[in-house]
Amino acid sequence: MDRIKTGISDLDKTIGGFPSGKTILVTGDPGTGKTIFGLQFANVCCSQGIRTAYISSEENASDLRLQGKSFGWDFEAFEKKNLLKFIELAGNRVAEIKTALSISMEAVKGNFSELTEHLPEGTKVLIIDSLGSHTANLKPFEFRDRFDLLVHSLAHMGITAMVVLDSITSKEFNDTALFSAYGAIHLLKRENPYTDRRERVMDIVKMRNTRTPIQLLTYDISPRGIELISPGGLPDNP
Ligand SMILES: Nc1ncnc2c1ncn2[C@@H]1O[C@H](COP(=O)(O)OP(=O)(O)OP(=O)(O)O)[C@@H](O)[C@H]1O
Ligand SMILES: [Mg+2]
């Protein structure tokens, strides 16, 4: 199976990269590093000449360029070479405004097809950050149908996608996205009972067709971006 680098070099050594042409879900609480992971993935793809699109519904493109710069990633250079396209697509805010204007609730329901409509020709990698901004007013079964359709259309287009979803939205829809995605990584902060210190860990919930570690992987956000500290970290069953 073809693999594509995640941008986290020790993770690539562990799982061999993301399966190419598949949709990977990244979930996590606020501040766990979902956006940084997305940008890091975009950076490594563009560095290899892979045409990448980054749909952002929470932060504008200039903030993302700045965030990238703080890790030494020159997104402007990639944009000039047409390797990277930031697409600002406000989700909830648009829905909220429409609701305030009393436009029918049906009309403001998130429709994920808008996410794949504006991609530049030849896009091979897509990051959606975050899908949670496009789920306003959806019922769980509507979310599931739309998510399945999104995964299906991305696969049809041969796009490798990272879909970011906050933990609250993921729970709201009964974690259904976990079942449809080809792979899923959950980012979290927790107390390490042995050191009494908080740490960041990632759980590779699933990655089809891939040998994945069962242990949580401890990571840090360093000046170079997300880095694994000690694969394995704390044993799950001490
Ligand atoms: N240049 C940097 N160097 C080190 N750590 C940083 C740097 N910039 C941000 N961080 C850390 O990363 C965290 C935010 O990461 P990020 O924005 O990717 O989280 P997120 O999961 O996308 O959050 P949200 O759910 O709010 O979108 C910050 O809270 C901070 O701790
Ligand atoms: Mg974010």
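Cut-offs applied
Residues numbered from 1 in each chain as written. Chains lettered and ligands numbered in written order. Predicted model: local features only at pLDDT ≥ 70, side-chain atom pairs only at ≥ 80, totals over all residues. Heavy atoms only, no water. Helix = DSSP H or I, 4+ residues; strand = E, 2+ residues; numbered from the N terminus. Buried < 20%, exposed > 50% of the residue type's maximum accessible area, 1.4 Å probe, protein only. Contact = heavy atoms within 4.5 Å. Areas by Shrake-Rupley, 256 points an atom, 1.4 Å probe, with all protein chains shown as cover. Pairing = 2+ DSSP bridges. Axes fitted to C-alpha atoms, helices over the stretch in contact; angles between N-to-C directions. Salt bridge = Lys/Arg side-chain N within 4 Å of Asp/Glu carboxyl O. Near = heavy atom within 4 Å. Polar contact = N/O pair within 3.5 Å; in protein donor to acceptor, adjacent residues only side chain to side chain. Nonpolar A, V, L, I, M, F, W, Y, C, P; charged D, E, K, R; others polar. Core = buried A, V, L, I, M, F, W, Y, C linked by side-chain atoms within 4.5 Å.

Caption draft 1: Layout of the overall build of the protein chain. A tally of helices and strands in the protein chain yields 10 helices and 11 strands. Within the protein chain, buried positions represent 50% of all 238 residues. Nonlocal contacts in the protein chain, meaning residues at least 24 apart in sequence, comprise 69% of its contacts between residues at least 6 apart. Entry remark: accessible area of the protein chain is about 11,600 Å², with carbon and sulfur atoms responsible for 51%.

Caption draft 2: Region of interest: the sheet that holds strand β5 (residues 84-88). Read across the sheet, nine strands follow the order β5-β4-β6-β7-β3-β8-β9-β10-β11 without closing on themselves; strand pairing throughout is mixed. Of all the strands in the sheet, just β5 and β11 (225-228) have a single pairing partner and so form its edges. Between one strand axis and the next, the sheet turns through 25° on average, direction left out of account.

Caption draft 3: The pattern of salt bridges, seen in detail. Summed over all chains, the structure comprises seven salt bridges. For E199, the salt bridge identified is with R190, shortest N-O distance 3.1 Å. A salt bridge links E191 to R198, with the nearest nitrogen and oxygen atoms 3.5 Å apart. A residue is classified by how much of its surface remains accessible, and E191, at 49% relative accessible area, is partly exposed. You can call R198 exposed: its relative accessible area is 56%.

Caption draft 4: Seen up close, the site of ligand 1. If you check the shell around ligand 1, you find 14 residues, and the closest are G31, G33, K34, T35 and I36. For ligand 1, an oxygen atom lies 2.9 Å from a polar atom in the backbone of G31. The contact in question runs from an oxygen atom of ligand 1 to an N or O atom on the backbone of G33, over 3.0 Å. Isolated, ligand 1 exposes 650 Å² of accessible area, and the fraction of that covered by the protein chains is 65%. With three residues, helix α2 (residues 34-47) is the largest single contributor of residues to the shell around ligand 1. Looking at the shell around ligand 1 residue by residue, the classes come out as four nonpolar, six polar and four charged.

Caption draft 5: Spatial organisation of the nonpolar core. Judged by nonpolar contacts, the single largest core of 39 residues is most densely connected at L11, F18, F37, I185 and M202. Broken down by element, this core gets its largest block of residues, eight residues, from α2. Aside from chain neighbours lying at most four places away, what touches L11 is T6, G16, F37, I185, M202, I204, L217 and L228. F112, L138, L165 and F173 belong to the second-largest nonpolar core, a separate cluster that totals 26 residues.

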